[in-house]
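# A structural walkthrough
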Amino acid sequence: MKIEDLHYFISVGETGSITKAAQKHFMTQQGLSRIISNMERELCTKLLARNNNRIRLTMAGEQVMAGAREIERAYWEMMDGISQANQQELKEIGTDFTLYTTPIMIVTVVPNVLKALNQSFPQVRFAIQERSSVQEVSESVSFDGSSMALISWPAFRDELDLRLSRENLRFEPVYKERIALGLPQNHPMASHPIITIPEMATLPFALYFNERDSLQHLLGGQYEPNILIHSTDIGLCHEMVEKGTAAALWSDLVNYYAQKESIVQVPIENGTEISYGCLWSEDYPLSPVAREVIAQTRQEFRRVEQAGTTGN
């Protein structure tokens, strides 16, 4: 039984007429009669009786009427309380929120997260600031209650743990995966079940912005490929792979957003792990906006994970 059903029943009892009550609520007489019949069936009792041309409440109907009025009063008191709480929470949110992010996040997860945030908090002005790496985020950003970061964190940068602890910053990973290799479908190594490090060292690479550290971690700090495209244009890197000019570091995250069927993702032997998640200062409580950032980021990565599971 819905709260609306009780509201309609109250109108029938007050007007003494299904026809008048139906007209009051802009519904058909048959529709309202069906609601009353369903209530009687659910309560296992007769609620209305005809008295000449007027409908009256039975004794059970009188009891339901009293209870319905009390329930409706309590319902609207609750809804009014919720509205006041929401208004108070909105006042406490403030009007500005800064979201710091690393390069791969800003071209994949951030646009959808920002869209959801803007729909949930239309009164908030969001500023998106890109930093080249998680190191730069931790070194150059002063977090407060109106800011947090969405970052990608390679596992080999373990020295950051100490820095974050010292500065009372908390990183909460929401998704982890291993870096793979992206090759065009017709490449001789595209059919390999796994790519070894010596095989990788023979390839030219197109790297997106800050991926050079990851490549050198995999192949050795002194490694330099014979072609190195180091660009902020991730689309250019993908095009270089599609044309067979270079290989690229790849992942489920990149695969999901790139939607490049012409590029094959091949696992790397002893590939490094990368974490994606949210970073904020524990000196400040999480605001409603910050909590929504975390929730939307988790939801976005659930889509990535489901796509990877289904092979799409």
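Heads up: the structure comes first, above all this text.
Residues numbered from 1 in each chain as written. Predicted model: local features only at pLDDT ≥ 70, side-chain atom pairs only at ≥ 80, totals over all residues. Heavy atoms only, no water.

## Structural notes on the packing of aromatic side chains
Counting across every chain of the model gives eight aromatic pairs. For the pair Y276 and F301, a centre-to-centre distance of 5.3 Å together with 25 degrees between the ring planes defines the contact as stacked. In this pair, Y276 is assigned in strand β12 (residues 273-281) and F301 in helix α13 (residues 288-310), connecting sequence segments 25 residues apart. F301 shares its class with Y276; the two are buried. (Phe/Tyr/Trp six-rings, centres within 6.5 Å; stacked < 30°, edge-to-face > 60°. Helix = DSSP H or I, 4+ residues; strand = E, 2+ residues; numbered from the N terminus. Buried < 20%, exposed > 50% of the residue type's maximum accessible area, 1.4 Å probe, protein only.)

## Considering the sheet that holds strand β11 (residues 263-267)
Within a sheet, each strand pairs with its neighbour through backbone hydrogen bonds, oriented either parallel or antiparallel. Read across the sheet, three strands follow the order β10-β7-β11 without closing on themselves; strand pairing throughout is antiparallel. The outermost strands of the open sheet, each flanked by one partner alone, are β10 (248-250) and β11. Between one strand and the next, the sheet's axes are offset by a mean angle of 45 degrees, whatever the strand orientation. As defined by bridge partners, strand β7 (residues 180-184) adjoins β10 across three bridges and the pair is classed as antiparallel. Paired with L181 across the two strands is L249, which belongs to β10. Packed onto the sheet, helix α11 (residues 234-242) meets β7, β10 and β11 and runs at close to 60 degrees relative to β7. (Pairing = 2+ DSSP bridges. Axes fitted to C-alpha atoms, helices over the stretch in contact; angles between N-to-C directions. Contact = heavy atoms within 4.5 Å.)

## Let's talk about the sheet that holds strand β5 (residues 147-154)
A sheet is described by the order of its strands in space; here five strands give the open sequence β4-β3-β5-β12-β6, paired in mixed fashion. Taken across any chain shown, the strands that pair with only one partner, and hence form the sheet edges, are β4 (125-130) and β6 (169-178). Averaged over neighbouring strand pairs, the angle between their axes works out to 20 degrees when direction is ignored. Note: strand β3 (residues 96-101) against β4, six bridges, orientation parallel. Following the sheet pairing, T101 is matched in β4 by E130. Contacts between helix α6 (residues 110-120) and the sheet are confined to β3, β4 and β5, with β4 contributing the most and set at about 165 degrees to the helix.

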